[in-house]
Amino acid sequence: MNAYRTLPAPRYHLNGEEPSDSNHPGDANQVPVADEAAIADAAAAWDAVEHLEPVEGPAPVTSKTTATITFLEAWTHCRNRARPVEPQLIVSGCCLRQCLSKLTGPPSLRGNRDDERALILGTAATPFDNNDAVHVRMLMSLYKTLTGSKWDCPRFGAHWEEIGFQGNDPATDLRSMGVLGVLMGLFLVTRQHSLAHKAYALSHHATQNFPFCAMAINVAAIALRALRDGKINRVLNHVPEEEAAQTVCQLFAGGMLVLYRIWKDGKKRISDSAFVLRDVEQAIMGEPERVLADLQRFEEHGLETQQPAKRSAAGADADELAFSDICGTDKFVVESDTRLV
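Residues numbered from 1 in each chain as written. Predicted model: local features only at pLDDT ≥ 70, side-chain atom pairs only at ≥ 80, totals over all residues. Heavy atoms only, no water.

**Student:** Please give an account of the overall build of the protein that cites residues and values.
**Tutor:** The secondary structure content of the protein amounts to 14 helices and four strands. A total of 341 residues make up the protein; the buried ones form 41% of that total. A separation threshold of at least 6 residues defines the contact pool for the protein, and within that pool the share at least 24 residues apart is 75%. In the form shown here, the protein has an accessible surface area of approximately 18,900 Å², with 52% of it arising from carbon and sulfur atoms. (Helix = DSSP H or I, 4+ residues; strand = E, 2+ residues; numbered from the N terminus. Buried < 20%, exposed > 50% of the residue type's maximum accessible area, 1.4 Å probe, protein only. Contact = heavy atoms within 4.5 Å. Areas by Shrake-Rupley, 256 points an atom, 1.4 Å probe, with all protein chains shown as cover.)

Set out below in structure tokens:
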């Protein structure tokens, strides 16, 4: 349905007085004449009314439109303003378990990757700020890219539910992920446009619909936990330090691919969401390399159905086996002092 914005007509006074429905004294045929100042004010008011064209979806407050922000520009802004947060992991159990966790746990990050991880975690701890123009621009870019609208939308309103937020203010859904939730969403729609388009279209299916952004925030939280718990340390050690944030976002996108395949092929409905998210969590936390490899194959070949990973006769790569054996099991219970909702 086409939506239009309506504006009240400007009012001006005749002869400097308030208009009145009462009869004017004197000649009934006499017509009051507005003075020149009132006419000039009225003309200026009408000239100031913007010409608006019909657009699909909710009407914008103004005809203002801003360029879509890039992921790199957004991450640079967030990174420069984040306060580093170091992960504090507590291993439950006796001293022997704590010692074993240090010996058999994930490898330590090399170089300055610890610093990059702290900044990513710090971005997740940074609340969305309405007074930060870049934060707002990131959110607008997410909406416009998903809906195809060229107009900036209102900051608050029911139109956010169109892309899968659960209320009039997306910041409410972002509390567990901070501005990192918007950043990951921006990565998905700008760097993984094909996947974002397919998943968003599926979220509006007549029977398989689901709240797109709310579901994406849950997947993003799983990817963040994988970073915090060291599940992807081996992966990060094999990419340049400056690409750590991009790699975490790729893991999130890979998780969205897992969700999309399970939801589409299994004809899932919203009542199945908790079970689907559990499967996504198992994939991200247990086999992050495979999730990333599947995403790469999707990028190169557009494969929608899951392809089994090719393995040599001797089995998987030794590094992958070691990583999966260590991080894909519940041999040791790892808890954190922070909780993601």
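Now that the structure is up, let's keep going.
**Student:** Just give me the short version of the side chain of D173, but keep the residues and values in it.
**Tutor:** Mapped onto the elements, D173 comes out in helix 6 (residues 170-173). It turns out D173 is buried and unbridged, and the closest side chain with the opposite charge, R175, is 6.5 Å from it. Among the polar contacts made by the side chain of D173, one reaches the main-chain amide nitrogen of Q166 at a distance of 2.7 Å. Residues within four places of D173 in sequence aside, it is in contact with F165, Q166 and I217. (Lys, Arg positive; Asp, Glu negative; His and termini not counted. Salt bridge = Lys/Arg side-chain N within 4 Å of Asp/Glu carboxyl O. Polar contact = N/O pair within 3.5 Å; in protein donor to acceptor, adjacent residues only side chain to side chain.)

**Student:** Outline the nonpolar core, listing residues and values.
**Tutor:** Core analysis: the largest hydrophobic core is formed by 82 residues, its most contacted members being I120, M138, F212 and F252. Other than its neighbours up to four places away in sequence, I120 contacts W75, L180, L224, L227, A244, A245 and V248. (Core = buried A, V, L, I, M, F, W, Y, C linked by side-chain atoms within 4.5 Å.)

**Student:** Go over helix 8 (residues 193-203) with me, naming the residues and quoting the values.
**Tutor:** Along helix 8, the residues that are buried comprise L195, A196, A199, Y200, L202 and S203. Viewed along the axis of helix 8, the buried residues span an arc of 160°, placing them on a single side of the element. Check the buried side of helix 8 and you find it contacts helix 5 (133-147), helix 7 (179-191), helix 9 (212-228), helix 11 (244-265) and helix 13 (288-301). (Arc of directions from axis to C-beta.)

**Student:** Before we move on, could you go through the side chain of H159 and cite the residues and values that matter?
**Tutor:** Within the secondary structure, H159 sits in the loop between helix 5 and helix 6. A distance of 2.7 Å separates the side chain of H159 from the backbone oxygen of P154, its partner in a polar contact.

**Student:** Please provide a residue-by-residue account of the packing of helix 7 against helix 11, values included.
**Tutor:** Relative orientation of the contacting elements helix 7 and helix 11 amounts to 75°, with a least axis distance of 9 Å. Comparing the axis directions of helix 7 and helix 11 gives the class roughly perpendicular. For the pair helix 7 and helix 11, contact is made by M184, G185, F187, L188 and R191 and by Q246, V248, C249, Q250, F252, A253 and M256, respectively. Across the contact of helix 7 with helix 11, the residue classes tally to eight nonpolar, three polar and one charged. (Axes fitted to C-alpha atoms, helices over the stretch in contact; angles between N-to-C directions. Parallel < 35°, antiparallel > 145°, perpendicular 65-115°, else oblique. Nonpolar A, V, L, I, M, F, W, Y, C, P; charged D, E, K, R; others polar.)

**Student:** How would you sum up the pattern of salt bridges? Please name residues and give values.
**Tutor:** The full count for this structure, using the stated rule, is nine salt bridges. Where D169 meets R155, a salt bridge forms, and the shortest distance between an N and an O atom there is 2.9 Å. Pair noted here: D169 is in the loop between helix 5 and helix 6 and R155 is in the loop between helix 5 and helix 6, with a separation of 14 residues, a long-range link. Ionic pairing is found between D229 and R228, a salt bridge with its closest N-O pair at 3.0 Å. Here the two residues D229 and R228 agree in accessibility, since each one is buried.

**Student:** An account of the environment of E162 is needed here, citing residue identities and associated values.
**Tutor:** Position of E162 among the secondary structure elements: in the loop between helix 5 and helix 6. Between the alpha carbons of E162 and C213 there is a distance of 9.5 Å; along the sequence they are 51 residues apart.

**Student:** Explain helix 4 (residues 113-124) residue by residue, including any values.
**Tutor:** Over its twelve residues, helix 4 runs 17 Å from end to end, which matches the ideal 16 Å to within 8%, given 1.5 Å per residue. Listed in full, the buried residues belonging to helix 4 are R113, E116, R117, A118, L119, I120, L121, G122, T123 and A124. Among the structural elements, helix 2 (71-81), helix 7, helix 9, helix 10 (233-236) and helix 11 are those in contact with the buried residues of helix 4. (Expected span 1.5 Å × (residues − 1).)

**Student:** Any chance you could break down unusual backbone geometry for me, citing the residues and the numbers?
**Tutor:** Positive phi values are uncommon outside glycine, yet K267 reaches one of about 50°. Position of K267 relative to the elements: it lies in the loop between helix 11 and helix 12 (273-286).

**Student:** Please give an account of the packing of helix 9 against helix 12 that cites residues and values.
**Tutor:** Where helix 9 meets helix 12, the closest approach of the two axes is 10 Å, and the angle between their N-to-C directions is 30°. For the element pair helix 9 / helix 12, the angle class is roughly parallel. Regarding helix 9 and helix 12, the two cross each other, and that crossing is right-handed. On the side of helix 9, the interface is formed by M215, N218, V219, I222, A223, R225 and A226, while helix 12 contributes S273, L277, V280, E281, I284 and M285. Looking at the contact of helix 9 with helix 12 residue by residue, the classes come out as nine nonpolar, two polar and two charged. (Left-handed = near helix turned anticlockwise from the far one by under 90°.)

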